[in-house]
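Examining the three-dimensional arrangement
This is what each chain is made of:
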Amino acid sequence: MNADGKVIKKVSIKINSPEKLNVKMNKDLFEWVIENLLKNSLDAIDKTTGIIEFTVHNRDKEVLLDVTDNGKGIDKKFRKDIFRPGYSTKLRGWGLGLSLAKRIIDVYHKGKLTLIDSILDKGTTFRIKLAK
Ligand SMILES: Nc1ncnc2c1ncn2[C@@H]1O[C@H](COP(=O)(O)OP(=O)(O)O)[C@@H](O)[C@H]1O
Ligand SMILES: [Mg+2]
């Protein structure tokens, strides 16, 4: 803990990307999505050593980007709520990040933003799928 009573976390960020890829996207909106997923992962990390990993999978017609953290995870019964505007478990949360991120990926980019895995106290993985 530091002088303000905040818990100091050490978080390493790993990027696994096999090769250079070209995907059509709106750079500003995509950056916003990544920033929001990253912030959520940082918020979720309650361990002193955090890991956030970005993994790119290159498929025939699409590119997958998985964002995995070793944070506190999402309870099964709340998984249906996380993309709903206004849903937040945070003291000062607006609950808008994921709903907007999903709209940016699903509607604007015609891709898919999904929660693919989450285990309580172990971590969470979100996946962005974009067409090439
Ligand atoms: N990586 C994550 N790990 C655990 N819970 C998450 C994660 N990302 C999102 N959540 C849950 O989904 C909720 C909604 O997220 P979001 O829409 O970004 O709103 P906010 O960050 O303002 O709470 C969060 O409050 C949190 O409960
Ligand atoms: Mg958020």
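See above for the structure.
What comes next is a walk through the structure. (Residues numbered from 1 in each chain as written. Chains lettered and ligands numbered in written order. Predicted model: local features only at pLDDT ≥ 70, side-chain atom pairs only at ≥ 80, totals over all residues. Heavy atoms only, no water.)

**Remarks on the sheet that holds strand β3 (residues 62-69)**
Defined as follows: Here, any two strands with at least 2 DSSP bridges between them count as paired. Each helix is a run of H or I in the DSSP string that is no shorter than four residues. Each strand is a run of E no shorter than two, and both are numbered from the N terminus. To define axes, lines are fitted to C-alpha atoms, for helices over the stretch in contact only, and angles between the resulting N-to-C directions are given on a 0 to 180 degree scale. Should any heavy atoms of two residues lie within 4.5 Å, those residues are counted as being in contact.
Strand order in the open sheet formed by five strands is β1-β2-β3-β5-β4, with mixed pairing between adjacent strands. Whereas interior strands pair on both sides, the edge strands pair on one side only; in this sheet they are β1 (10-16) and β4 (112-119). Going across the sheet, the axis of each strand differs from the next one's by a mean of 15 degrees, ignoring polarity. Across eight bridges, β3 lies against strand β5 (residues 123-131) in antiparallel orientation. Within β5, the residue paired with Val67 across the bridge is Phe126. The sheet strands contacting helix α1 (residues 27-44) are β1, β2 (49-58), β3, β4 and β5, and the helix crosses β5 at an angle near 170 degrees. Against the sheet, helix α2 (residues 97-108) touches β4 and β5, its axis set at about 135 degrees to β4.

**What about the pairing of β1?**
For clarity, the threshold we go by: Consider the strands pointing away from the viewer: the crossover is right-handed when the path from the first strand over the helix to the second runs clockwise.
Bridging between β1 and β2 involves seven bridges; their strand directions are parallel. In the strand pairing of β2, Ile15 is matched with Phe54. With α1 bridging β1 and the parallel β2, this β-α-β connection has left-handed handedness.

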